[in-house]
Structures are given as structure tokens and as C-alpha cells.
Amino acid sequence: AETVAQLCDDRELVVVSNREPYSHAREDGEVSVDRPAGGLTAALDPVMQTAEGTWVAWGDGDADREVVGPDDAVAVPPEDPAYDLRRVWLTDEQVEGYYRGYSNQVLWPLCHLDTAKLTPREDFWSAYRETNADFADAILDSTADADRDPVVWFQDYHLALAPRRVREARSDAFLAHFWHIPWPSWDVFRACPQYEHLLDGLLANDLVGFHTDAYCRNFLDCVDAATDARVDRSSRSVSYRGRRTFVRALPLGIDAGRQAALAESDAATEWWAQFRETHGIDASETVAVGVERLDYTKGIEPRLRALERFWAENPEWCGNFTYVQKGTESRSGIPAYDALQDRVAAEVERINDRFGTDDWTPVVYTTDHLPEEGIAALYREADLGLVTPVRDGMNLVAKEFVAAQTRDPGVLVLSELAGATGQLGDEAVVVHPHDAAGFADRIGDALSLSRAESRRRAADLQREVHAEDVYDWLESTFETAAAIERGRRSVRTA
Ligand code: F6P
């Protein structure tokens, strides 16, 4: 709170994200407000309450528009209003072209190195440009009357172009951007026909943050290759169009204390008892868990293949080692996502037909909404947490799993292709998601670790996720921004 207060003392804070921190609905004439469970929005909300600024986000759903009115910002949280939530209303065409199209069929596969999935349609690009302009206009509008200069903090890949439009109108604003997904190498990035526009948009920021040093290096390489900017690798900064952009690794963490408390709650214990009974998981069974959105980057299919191999090669584990997969339907309507949902369901059925018995289901698969306590209970009760994406910017599930090991600790099995491996790889069992044989062997290794060894590893991992939690990330981000500002002031006064 102190760092936020320092930076925002003479500045107006504006957070901008695709997803909104609250959604409004009207039911039977009554207005209800829902707080989506996202970790990032939950962590930024108290910051905004301290800073008393504005949060600009896509108003997802007609109920919002109906309740809030077409233009107005609404004060949140409802019980004790502290800041303004301003919605950007999108047409169906914009949702299709900006969100399902350019964001998730161009930038998402591009940054996750899956160029075969790139769908560089012109209408996607024009909707992305138009929607980024709408976001920028909403920011400009909501800061027009402010007495203080704005600090605008953009979140993620949906908003690469908005900073340039804001910069053109507000040279006094401090603009920061955090890119939550990987940044690819130049060879990959150039597969996107609009690469120059994307870099031009992002270089309107004073600070661009990524999860890892490798993504920062890739970004600087792209800028170097694609623009006439001057790249200074020693200070990790770029001089472009009369301004300087600083590029920093700021690895995102979770609210580890909250996750541990959820895992320890009575609600988690009750939920697990019920879940076990419903799915016939015996108390003596060894359990592995995977929790993710149904996204092709998460490596669910290669993981199922590795598990299949493990059961085939280790029949002594059939009947007493169950894998629980929680899959959340995501980005439905995009062909690659719809197809994945079908394939995962079919693979689970096939594996269960192959090994299952009347008393035992090898893969317990659910797409149901689970309460936070339920997810925490799954993590807590699991002997193995399988977090094996084929590519991931960071992966916060790995950190949540670690934080929830409050009792008999389970072992984290982590893909070498997740951003989180840089921080957690030493004490996790690391696998290559596409090496089914090695992956199956590592599952065996993880299951045979002594209790003392898994305790030691879990303790080290817990220290890491508690020390570098989301509050640490917020502090580092605000301190970095403040240091850039101080540097500029001292240059101006020298
Ligand atoms: O990982 C990037 C990200 O935007 C996350 O911040 C978010 O949890 C996830 O993707 C969800 O995606 P969507 O908003 O498309 O449901």
C-alpha cells in the first residue's frame, strides 16, 4: 500500500485489462454484483482501492450494459465504493474479431510458438485495431478531467496497440504494460504480418514487463530486428520515437497465504470427502491432479498419453493410482478449442475403457465449475501435481499447488517448458511434455520419493512461492516504475 501510495500520490492510477474485476447483473429486478475468481483481478482490486483510480475493462455481458448504462463508470466494490470501473462495450463483431479472432487466434498461438494455428484474417486485425482504439478512448475520457497526471497500467496481449493512441494524446502519462504470456523469438514473431504495428504500440509504454529474462531478450531482439529503435541491452531499454522504454522481468506470483488458508479450510475438507465419494476414489489410493483451462498450450493430451504409458508399463499401479483432471471450458467457439474439448473427452474415455474396472476409474475427468475450496482440496490431497504445459508464460497453477501443500506434501511434476520452471524447477520433478517415455518414468520417480525428500522439496518450494508472491510482484512493478520516474526527473533537473 505504501509503494502504491507513493507512486499514486501525485498520479491517477488507471488499470486496463480485457477481463473485468466485477460483473453486474439484474435478476428479478435486483442488481447483483459478482466478483470473478481470477487471481490477478483479486490481487489488483485492493491496489485500486488504495489508489482510488479507474479500472477500464470489457463489459462482458448484456446485463452490465443494462445495469450500468452505456457510458457510465460504476463505483466498486459495491459494499464500500473506492474506485471507478469503466466498461468498454463491444459489439458481437468486435468480440469475434478482437477477442476470439486476433487475440486468441493470432497473438495467443504466435506467442506460444504454435504458428500452424495462426489465423491472420484481415477482419480480425481491423477489429483488434478498432477495439484497442476504443479502450484507449475510454482511458483518455476517464482521465480527461483528472487533476493528476495518469499512470496507466495495461494488462496482457489483448491491448498491444492501445498504449500508442494514449501516448499520442497524453505525453505526460506514465504507461506500463505487463505481458502475461511468453514473448517469442524474432524468427517466430515475424510470422505475424502486423509485427511492426504491435511493436510500435508496445513501445509507447515507459515500462514493458515480462515473466522471465528470456522473454525480455526475445522482445529486445524483435525490436532490434524490426524497427529503427536504438536498443541498449545493458540497461535493457529502447529509444524509439523520442522516448525510452524500459524492459524488465517481473515474474508474477500468487496470493500464497490465501491459497494455503483455502487448503486448510473446513470447506476444503468437506468438499474432498464428497468428491471422493461421488467418484469412488478410495482413501488408500494415490492421487495425481491436473487443473487447467482446456487450452492446447496446457499439454493435457501429451499428459494423458504419458499416464497411459505409465499404467501400461506399471500394472501394479492399476487400481490404486487415480488421475483427477479438472478442465475448464475456455474460448469456446474457436475451432481449435472446440476440437480440443472433444479430443480430451474422447481420450479420457478411451483410457478408462482400456484400464478401468468396476471398482476403479483411472482418469476422473470433470469440466464442472469447482469452488475455490474444492480446487485447493484437490491440490492438498494430491500426491502428485502434474503441471506440464507444452508452453506457458508462467503457470500459476504450479504455484497454487505448492502453496496448498499444507499437510502431507505432494510432489510437483513440472514441464521444462513453463515459465515457472525458472523459479521452481530445482525442487520439482521436471519433465519434457512431449517425451512420453521419459514423462512416464518421471511419474514413477516422483511416486517413489521418500516422505522426507518430498517434505524437504515442498518446504523449499513453499518458501519460494510465499517470498515471491503477487504482493511482491506488485511492489516490484511499482518500485520499477517509480525508479524510472525518479531517473527522468533527475535528468530533467540536471
Ligand atoms: O494467461 C493469459 C490469460 O489472459 C490469463 O491472464 C487468464 O487467466 C487467461 O489467459 C484466461 O483467458 P480468457 O480471458 O480468454 O478466458
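Residues numbered from 1 in each chain as written. Predicted model: local features only at pLDDT ≥ 70, side-chain atom pairs only at ≥ 80, totals over all residues.

Engineer: For the overall build of the chain, give the residues involved together with the corresponding values.
Structural biologist: For the chain, the helix and strand inventory stands at 19 helices and 18 strands. Against the compact-globule benchmark of 23 Å for 494 residues, the chain has a radius of gyration of 23 Å, which places it among compact chains. Based on the C-alpha atoms only, the size of the chain along its principal axes is roughly 70 × 55 × 45 Å. Burial status across the chain gives 48% buried among its 494 residues. A separation of at least 24 residues holds for 76% of the contacts in the chain among residues at least 6 apart in sequence. (Helix = DSSP H or I, 4+ residues; strand = E, 2+ residues; numbered from the N terminus. Rg over C-alpha atoms; globule rule 2.2 N^0.38 Å. Buried ≥ 20, exposed ≤ 12 C-beta atoms within 10 Å, placed from the backbone. Contact = placed C-beta atoms within 7 Å.)

Engineer: Just give me the short version of helix α18 (residues 451-467), but keep the residues and values in it.
Structural biologist: The end-to-end C-alpha distance of α18 is 24 Å, a good match for the 24 Å that 17 residues give at a rise of 1.5 Å each. Among all positions in α18, only Ser454, Arg457, Ala458, Leu461, Gln462 and Val465 are buried. An end-on view of α18 places all buried positions within 140 degrees of arc, on one side of the element. Turned more than 90 degrees from where α18 packs its buried face, Ala452, Glu453, Arg463 and Ala467 sit exposed. (Expected span 1.5 Å × (residues − 1). Arc of directions from axis to C-beta.)

Engineer: How would you sum up the sheet that holds strand β5 (residues 73-76)? Please name residues and give values.
Structural biologist: Pairing within the open sheet is mixed, and its 10 strands lie in the order β5-β6-β4-β1-β7-β8-β9-β12-β11-β10. The sheet terminates laterally at β5 and β10 (230-232), the two strands that pair on one side only. Each strand of the sheet is rotated relative to its neighbour by a mean of 20 degrees, with strand direction disregarded. Two strands pair when backbone bridges link them, and strand β8 (residues 174-178) and strand β9 (residues 207-210) are joined in this way by three bridges, in the parallel orientation. By the bridge assignment, Phe178 is partnered in β9 with Gly209. Packing of helix α6 (residues 162-169) onto the sheet brings it into contact with β1 (11-17), β7 (149-155) and β8, and relative to β8 it is tilted by some 175 degrees. Contacts from helix α9 (residues 213-226) reach β9, β10, β11 (237-240) and β12 (243-249) within the one sheet, and its direction differs from that of β12 by about 150 degrees. (Pairing = 2+ DSSP bridges. Axes fitted to C-alpha atoms, helices over the stretch in contact; angles between N-to-C directions.)

Engineer: Mind laying out the environment of Gly201, listing which residues take part and the relevant values?
Structural biologist: Within the fold, Gly201 resides in helix α8 (residues 195-202). The sequence separation of Gly201 and Ala260 amounts to 59 residues, and the corresponding C-alpha distance is 39 Å. Here Gly201 is in contact with Ala160, Leu161, Pro163 and Arg164, once residues within four sequence places are set aside.

Engineer: Now, about the site of the ligand: what can you tell me, with residues and values included?
Structural biologist: In the vicinity of the ligand, nine residues are found, and the nearest of them are Arg19, Asp156, His180, Ile181 and Arg331. Along the lines of polarity and charge, the residues of the shell around the ligand split into two nonpolar, four polar and three charged. (Near = placed C-beta within 6 Å. Nonpolar A, V, L, I, M, F, W, Y, C, P; charged D, E, K, R; others polar.)

Engineer: Quick one: what's the story with unusual backbone geometry, residue by residue and with numbers?
Structural biologist: A negative phi angle is the norm for most residues apart from glycine, just as the trans form is the norm for most peptide bonds. With an omega of -10 degrees, the peptide bond between Val76 and Pro77 qualifies as cis. On the secondary structure map, Pro77 appears in the loop between β5 and β6 (83-88). Despite not being glycine, Leu113 shows a phi value in the positive range, around 65 degrees. Relative to the assigned elements, Leu113 resides in the loop between α4 (92-111) and α5 (122-143). Backbone geometry at Arg236 places phi at a positive 45 degrees, although glycine is not the residue there. Relative to the elements of secondary structure, Arg236 occurs in the loop between β10 and β11.

Engineer: So what's going on with the nonpolar core? Residues and values would help.
Structural biologist: Within soluble globular proteins, side chains that are nonpolar tend to cluster in buried spots. By size, the foremost hydrophobic cluster in this structure holds 140 residues, and its most contacted members are Val16, Val152, Phe219, Ala398, Leu412 and Val413. With eight residues, the single largest contributor to this core is α4. Beyond its immediate sequence surroundings of up to four residues, Val152 is in contact with Val14, Val16, Ile139, Val166, Ala173 and Leu175. (Core = buried A, V, L, I, M, F, W, Y, C linked by C-beta atoms within 7 Å.)

Engineer: Tell me about the pairing of β6, residues and numbers included.
Structural biologist: Regular strands have side chains that alternate between both faces of the sheet. Most of β6 is tucked away: five of the six residues are buried. Both strand β4 (residues 54-58) and β6 contribute to a ladder of five bridges, which runs parallel. Paired with Trp58 across the strands is Val88, a residue of β6. The sheet contact formed by β5 and β6 spans four bridges and is antiparallel. Across the sheet, the residue bridging to Ala75 is Asp84, located in β6.

Engineer: Go over the sheet that holds strand β13 (residues 286-293), please, and point to the residues and values.
Structural biologist: If you trace the six strands from one edge of the open sheet to the other, you get β15-β14-β13-β16-β17-β18, paired in parallel fashion. Edge positions in the sheet fall to β15 (363-366) and β18 (429-431), since each has one partner strand and no second. Across the sheet, the mean angle from the axis of one strand to that of its neighbour is 20 degrees, orientation sign disregarded. Alignment of strand β17 (residues 411-415) against β18, held across three bridges, turns out to be parallel.

Engineer: Describe helix α12 (residues 300-313), naming the residues involved and giving the relevant values.
Structural biologist: An α-helix turns once every 3.6 residues. As a result, residues three or four positions apart point the same way. Between its terminal C-alpha atoms α12 stretches 20 Å, which fits the 20 Å expected from 14 residues at 1.5 Å a residue. Within the span of α12, buried status applies to Ile300, Pro302, Arg303, Leu304, Ala306, Leu307, Phe310 and Trp311.

Engineer: Which residues make up the confidence of the model for the chain, and what are the values?
Structural biologist: For the chain, per-residue confidence averages 94 on the pLDDT scale, and residues scoring 70 or more make up 97% of the total. For this predicted complex, the interface confidence score (ipTM) comes to 0.97, while the overall pTM stands at 0.96. (pLDDT = per-residue confidence, 0-100.)

Engineer: Tell me about the packing of α8 against α9, and name the residues and values.
Structural biologist: The contact between α8 and α9 brings their axes to 11 Å, and the two run at 115 degrees. The hand of the α8/α9 crossing is left-handed. Along the contact surface, α8 presents Tyr195, Glu196 and Leu199, while α9 presents Cys222, Val223 and Ala226. Residues that form the contact of α8 with α9 fall into these classes: five nonpolar, no polar and one charged. (Left-handed = near helix turned anticlockwise from the far one by under 90°.)

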